[in-house]
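Understanding the architecture of this molecule
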Amino acid sequence: MPGSVITLDRAVELARTGDIWVFRGSSGADRAIRGLTNAPVNHVGMAVVIDDLPPLMWHAELGRSLPDMWTGSHQRGVQLHDLRDAVLQWGRRYGQRGWVRQLDGELTREHEDALLRTVARLDGTPFPSTASLAARWFRGRLPSLARRTPTPDAGLETAYCAEVVAVTYEDMGLLPGHHAPSWYDPGRFWSGDGLDLAPGFHLGGEIEVALPPDEHEAPPVPVEHRPGRLRRVLRRR
């Protein structure tokens, strides 16, 4: 991966909607995901930066220790987290290295509205079991089965992290709907695997994100961040 490095605080400061975050860990589950998908990374999420709200991370995971910023509850599956808190959790608690790929291109209010509608629809969707995840990944790559797969918008009963990002990108008009959600894995969002983004949009190369040392970390600046604020933003649009 490219050698550029940025601090977490600077990455959060520069965050904009659509930035891609990828992670690579060393646990047995992390290695299993990379082995199954033949990818250099095992988790992917995307930044959500709307109006005056703090930067958020939109992704799917099994953990439930961080509050979901859409519902205010602690839940597994598809979640919207404070971006900084999410990256710290993946780096410190899960032992993952993280990289950000910045999205180049002009996002409009229509893009943001589509994003918020997708969050409203998918937030809380359960994470699939390991067996279900493997079966869906294979179906997404077998042409004869892929042709029988419903369209990407046809109500996911469970959702893997890469599927969440792919469906959100498609709903925003950043990705063409040529593939079923199961075709996507975290490696599809790595720069070594080119994504066919809409004209005018491009993802930059990976920039590694350096976490602050525990003992020197300054306390976060208090910010009003009630879940209802997101839903009010959607209603105003």
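Further up the page is the structure itself.
Please read these numbers as outputs of a predicted model, since none were measured by experiment.

**Observations regarding the environment of Gln-75**
Of note, Gln-75 is situated in the loop between strand E4 (56-61) and strand E5 (77-82). For Gln-75, a relative accessible area of 14% gives the class buried. A sequence separation of 12 residues divides Gln-75 from Gly-63, and the C-alpha atoms of the two residues are 7.6 Å apart. Apart from the residues lying within four places of it in its own chain, the contact partners of Gln-75 are Gly-63, Arg-64, Asp-68, Asp-123 and Gly-124. In this structure the side chain of Gln-75 is engaged in a polar contact, spanning 3.2 Å, whose partner is the side chain of Ser-73.

**What to know about the pattern of salt bridges**
Per the stated rule, a full pass over the model turns up four salt bridges. Arg-10 serves as the salt-bridge partner of Glu-13, at 2.9 Å between the closest nitrogen and oxygen. Of this pair, Glu-13 and Arg-10 both sit in helix H1 (residues 8-14), separated by three residues, roughly a single helical turn. As a salt-bridge pair, Asp-171 and Arg-121 come within 2.8 Å of each other at their nearest N and O atoms. Residue Asp-171 is found in helix H7 (residues 161-171), and its partner Arg-121 is found in helix H4 (residues 109-122); the two are separated by 50 residues along the sequence.

**A short note on the sheet that holds strand E3 (residues 43-48)**
Pairing is mixed across the open sheet formed by seven strands, whose spatial order is E1-E9-E6-E2-E3-E4-E5. Two strands close off the open sheet at either side, each with one partner strand: strand E1 (5-7) and E5. Geometrically, the sheet is characterised by an average inter-axis angle of 30° between neighbouring strands, direction not taken into account. Pairing of E1 with strand E9 (residues 207-210) involves three bridges; the strand directions are parallel. By the bridge assignment for E9, Val-5 is matched with Glu-208.

**Some details on the packing of H4 against H7**
Each pair of packed helices can be described by the angle between their axes along with the distance between the axes. Across the interface, H4 lies against H7 with an axial gap of 8 Å and an inter-helix angle of 140°. Here H4 is positioned oblique relative to H7, judged by the angle of their axes. The element H4 and its partner H7 pack so that their crossing is right-handed. In contact with Ala-114, Leu-115, Thr-118, Arg-121 and Leu-122 of H4, H7 contributes Val-167, Thr-168 and Asp-171. Within the contact of H4 with H7, the residues separate by chemical class into four nonpolar, two polar and two charged.

The rules behind the values
- Residues numbered from 1 in each chain as written.
- Predicted model: local features only at pLDDT ≥ 70, side-chain atom pairs only at ≥ 80, totals over all residues.
- Heavy atoms only, no water.
- Helix = DSSP H or I, 4+ residues; strand = E, 2+ residues; numbered from the N terminus.
- Buried < 20%, exposed > 50% of the residue type's maximum accessible area, 1.4 Å probe, protein only.
- Contact = heavy atoms within 4.5 Å.
- Polar contact = N/O pair within 3.5 Å; in protein donor to acceptor, adjacent residues only side chain to side chain.
- Salt bridge = Lys/Arg side-chain N within 4 Å of Asp/Glu carboxyl O.
- Pairing = 2+ DSSP bridges.
- Axes fitted to C-alpha atoms, helices over the stretch in contact; angles between N-to-C directions.
- Parallel < 35°, antiparallel > 145°, perpendicular 65-115°, else oblique.
- Left-handed = near helix turned anticlockwise from the far one by under 90°.
- Nonpolar A, V, L, I, M, F, W, Y, C, P; charged D, E, K, R; others polar.

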